[in-house]
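Fold and contact review
Chain residues, written in single-letter form:
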Amino acid sequence: MRTQVGIIGAGPAGLILSHLLQFEGIESIVIESHTRQYIEERVRAGVLEQGTVELLTSMGVGDRLKREGLTHEGVEFCFQNKRRRVDFQEMAGRTITVYAQHEVIKDLLAARLATQQPLLFEAEGVAIEEIESARPVIHFTQDGIAQTIECDFVAGCDGFHGVSRPAMPQESLHLYERVYPFAWLGILAAAAPSSRELIYANHEAGFALLSMRSPEISRLYIQVGAEEDIANWPDDRVWEQLHLRLASGGFKLKEGKVVQKNIAPLRSFVAEPIQHGQLFLTGDAAHIVPPTGAKGLNLAAADVKILSLGLTEFYRTGKKDLLNRYSSIALRHVWKAQRFSWWMTQMLHRFDSDSDFDRRRQLAEIDYFTTSPAAMKSLAEQYTGLPILMD
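Treat the numbers as computed from the prediction; the structure is a model and nothing was measured.

Each helix and strand counted, the chain has twelve helices and 20 strands in total. A compact globule built from 391 residues would reach a C-alpha radius of gyration of about 21 Å, and the chain, at 21 Å, matches this within 12%. By residue count, 55% of the 391 residues in the chain fall in the buried class. Long-range pairs, those at least 24 residues apart, make up 72% of the contacts in the chain with a sequence separation of at least 6. Of the roughly 16,800 Å² of accessible surface on the chain, a fraction of 50% belongs to carbon and sulfur atoms. Charge centroids of the chain, computed over 41 positive and 49 negative side chains, lie 6 Å from each other.

In structure tokens form, the structure reads like this:
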């Protein structure tokens, strides 16, 4: 097979990139190691920045998002038995939208398949070769048959455990990582959300988050140990901790049947650079953020927006000025999101190493940014999405 851009991975990054390229008349082939059912049902974060919503809408895949997405104009913080709200609309003139990632995937898949452009599932044994040549090659096996894609460029959109980052020259790759000493235990519950907006809680017992997936489904999280066994957390114990940590004034938490439960570790990770030769890394293949700042999918969308602009410039003019700057432009944006995600994480979670002084400082920080207009404006700007700076 021959194409202009070979895209490895049919997650948000790969699918958004394929659509952006198609609009510019640039051919692509997307390959995915999993089945369509698997990627459509894989539950991931569901908070979209306004810029991501605008991008999806401009691509023609925002109809269901507009109908079913939950637009939030602020967020609440719960600490010391009180709640304070940061108004995004007032402070930054922007909003966020709650719309689950697997719903975004469904919309993108349906749109890609409608174009009849190549999208190949269950691609096994994927390998990338000749990335320093003008014609890199992607090898894989599908239905037991060896396949090869020859292309001009390769977009590695295959996640943290994919083959794209290992295909980079390891001697020139610098990895930055922080593994946090706790995890999130998350549940999906068949219960109407107890709040119209997200609630972040800092409690003596640990962090908690009240979120939602729809008007009928709540998504809730609590901080647990990094090595915690989910078998030690029956539903009653989870609800008990959620009631405890989210308590404030007359707030009442609605319970319902737990339909899903999982534990996810938290880490910050960045690879530098995220391009070499004709290979470009995007999304989780290039970086991971703790979910506290709700940046994962949004960073993936920003990466491929930048990459698509560079590829468009190349195919229109033959110039690679923007492509050659992809790594520096994208990483500048990524590190700001990393800083924000780390700041939210360290401020809202309990660390075993914290002293009494650290605890008092943490509470003072929450008290400050929920009362200072300047601090609330800063949080609102970052939470709803910073602009991509191309200079």
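Taken in spatial order, the six strands line up as S8-S2-S1-S12-S19-S18 in an open sheet, and their pairing is mixed. In this open sheet, the two strands that pair with only one neighbour each are strand S8 (119-120) and strand S18 (275-276). Examined bridge by bridge, strand S12 (residues 153-156) and strand S19 (residues 279-281) share three bridges and lie parallel to one another. Bridge pairing in S19 links Gly156 to Leu281. Across the sheet, helix H8 (residues 296-317) touches strand S1 (5-8), S12 and S19, and the angle it forms with S12 is around 175 degrees.

Our next topic: empty space enclosed by the protein. Scanning all chains against the criterion turns up two cavities of 30 Å³ or more. A volume near 60 Å³ is recorded for the largest cavity. Taken together, Glu49, Lys295, Leu299, His333, Lys336, Ala337, Phe340, Gln382, Gly385 and Leu386 make up the full set of residues lining the largest cavity. Considering each element in turn, the lining of the largest cavity owes the most residues, four residues, to helix H10 (residues 326-348). Here the residues of the lining of the largest cavity sort into four nonpolar, three polar and three charged. Taken as a whole, the second largest cavity spans an internal volume of roughly 40 Å³. As for the second largest cavity, its lining consists of Ile329, Arg332, His333, Lys336, Pro387, Ile388 and Leu389. Tallied by class, the residues present in the lining of the second largest cavity amount to four nonpolar, one polar and two charged.

So, on to the pattern of salt bridges. If you walk through the whole model with that rule in mind, you get 23 salt bridges. Residues Arg36 and Glu40 are paired through a salt bridge, measuring 3.0 Å at the closest nitrogen-oxygen approach. Within this pair, Arg36 and its partner Glu40 are both found in helix H2 (residues 36-41), separated by four residues, close to a single helical turn. The class for Arg36 is partly exposed, based on a relative accessible area of 35%. Note on Glu40: relative accessible area 16%, which makes it buried. Glu381 is paired through a salt bridge with Lys377; the nearest N and O atoms lie 3.5 Å apart. Here Lys377 and Glu381 lie together in helix H12 (residues 373-384), a separation of four residues that amounts to about one turn. On the accessibility criterion, Glu381 (32% relative accessible area) is partly exposed. Three or more residues joined by partner-sharing salt bridges are found here, namely Arg64, Glu68, Glu103, Lys106 and Asp107.

Calculation criteria
Residues numbered from 1 in each chain as written. Predicted model: local features only at pLDDT ≥ 70, side-chain atom pairs only at ≥ 80, totals over all residues. Heavy atoms only, no water. Helix = DSSP H or I, 4+ residues; strand = E, 2+ residues; numbered from the N terminus. Rg over C-alpha atoms; globule rule 2.2 N^0.38 Å. Buried < 20%, exposed > 50% of the residue type's maximum accessible area, 1.4 Å probe, protein only. Contact = heavy atoms within 4.5 Å. Areas by Shrake-Rupley, 256 points an atom, 1.4 Å probe, with all protein chains shown as cover. Lys, Arg positive; Asp, Glu negative; His and termini not counted. Charge placed at Lys NZ, Arg CZ, Asp CG, Glu CD. Pairing = 2+ DSSP bridges. Axes fitted to C-alpha atoms, helices over the stretch in contact; angles between N-to-C directions. 1 Å grid on protein atoms, 1.4 Å probe; cavity = no way out; pocket = protein on both sides within 12 Å on 5 of 7 lines; lining within 4 Å. Points joined across faces, edges and corners; volume = space filled by probe spheres on them. Nonpolar A, V, L, I, M, F, W, Y, C, P; charged D, E, K, R; others polar. Salt bridge = Lys/Arg side-chain N within 4 Å of Asp/Glu carboxyl O.

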